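Listed here are the chains, written in short residue letters.
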Amino acid sequence: MDGTTTAQTAANLVLLGPPGAGKGTQARKLEEGFGLIQLSTGDLLRAAVAAGTEAGKAAKAVMERGDLVSDDIVIAILRDRLGEPDCANGVIFDGFPRTAAQAEALDALMAEAGSSITSAISLEVDDAAMVDRISGRFTCAGCGEGYHDSFKQPAKDGVCDNCGSSEFNRRADDNAETVAQRLKAYHAQTAPLIAYYGERGVLKGVDAMAQIDTVSESLTAIVQEALA
Ligand code: AP5
């Protein structure tokens, strides 16, 4: 992030929530609505795995198990992406931070750039519903738009609403066994960050069991307030 160009009014949001809470779905909507940059460490790690980088090789088996990739690897990947100029307009952190060490590293990186986290939003959901959400999920191979077998189907069967592609992907770690491990990792290592951001006075909670558009309205209101 270029500290000389960061607007004081830029919104920098952290989306907290277990797998399937809707972090990616909502981050994409906020990106479109406000010109913020979605920064997903899951996407960055999957790209590193696909590219066969050293970080990707180290992360692959860990991700397939549903465990967290080491802080060193994730923070290095995040730091590189955050250093790109577009991030000065405001960032939605999707899936980062996930540990106390990552949260502290993020605070330090933001401070170096003369910026800060404006809101940390906890997407509140029932764990029991998350396996259904994740096992029904698929993504457009062309543009990354997310869909769901029951909750969000393309308007025309087999064709992406956004870019017209007819190719879709399902993630390797979206199976019941791995999802159970990902939920366990969330509660052990990431849920404590709700208190971390609460102590800093930037925490907001949103009912993310509501319909996608209803959740989006709540998040939009939070961003508008941050930018006011
Ligand atoms: P990551 O890619 O971050 O996955 P995740 O946190 O497990 O989250 P998901 O992408 O599964 O869920 P989401 O909350 O984005 O839900 P979505 O919007 O897609 O991480 C994957 C792995 O990478 C980790 O397990 C770890 O190994 C590693 N990793 C990543 N970051 C790391 C870090 N910082 N440190 C260490 N390791 C890291 O929604 C799910 C489905 O539900 C979709 O089909 C959607 O259409 C539907 N849906 C969404 N909202 C609603 C709603 N309100 N009602 C009905 N359906 C909905």
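Everything discussed here concerns the structure shown above.
Rules of the game
Residues numbered from 1 in each chain as written. Predicted model: local features only at pLDDT ≥ 70, side-chain atom pairs only at ≥ 80, totals over all residues. Heavy atoms only, no water. Helix = DSSP H or I, 4+ residues; strand = E, 2+ residues; numbered from the N terminus. Rg over C-alpha atoms; globule rule 2.2 N^0.38 Å. Buried < 20%, exposed > 50% of the residue type's maximum accessible area, 1.4 Å probe, protein only. Contact = heavy atoms within 4.5 Å. Expected span 1.5 Å × (residues − 1). Arc of directions from axis to C-beta.

> An account of the overall build of the protein is needed here, citing residue identities and associated values.
Across its full length, the protein carries 9 helices and 8 strands. A compact globule built from 228 residues would reach a C-alpha radius of gyration of about 17 Å, and the protein, at 17 Å, matches this within 12%. If you line up the protein on its principal axes, its C-alpha atoms span 45 × 40 × 30 Å. Out of the 228 residues belonging to the protein, those deemed buried represent 43%. For the protein, the share of sequence-separated contacts (at least 6 apart) that also reach a separation of at least 24 residues comes to 71%.

> Talk me through helix α9 (residues 212-227); I want residue IDs and the actual numbers.
For α9, which comprises 16 residues, the first-to-last C-alpha distance of 23 Å matches the rise-based estimate of 22 Å (1.5 Å per residue) to within 8%. Of the residues making up α9, those classed as buried are V215, S216, L219, I222 and V223. Buried residues of α9 fall within an arc of 120° about the axis and therefore sit on the same side. For α9, exposure combined with an orientation more than 90 degrees from the buried face picks out D213, E217 and E225.

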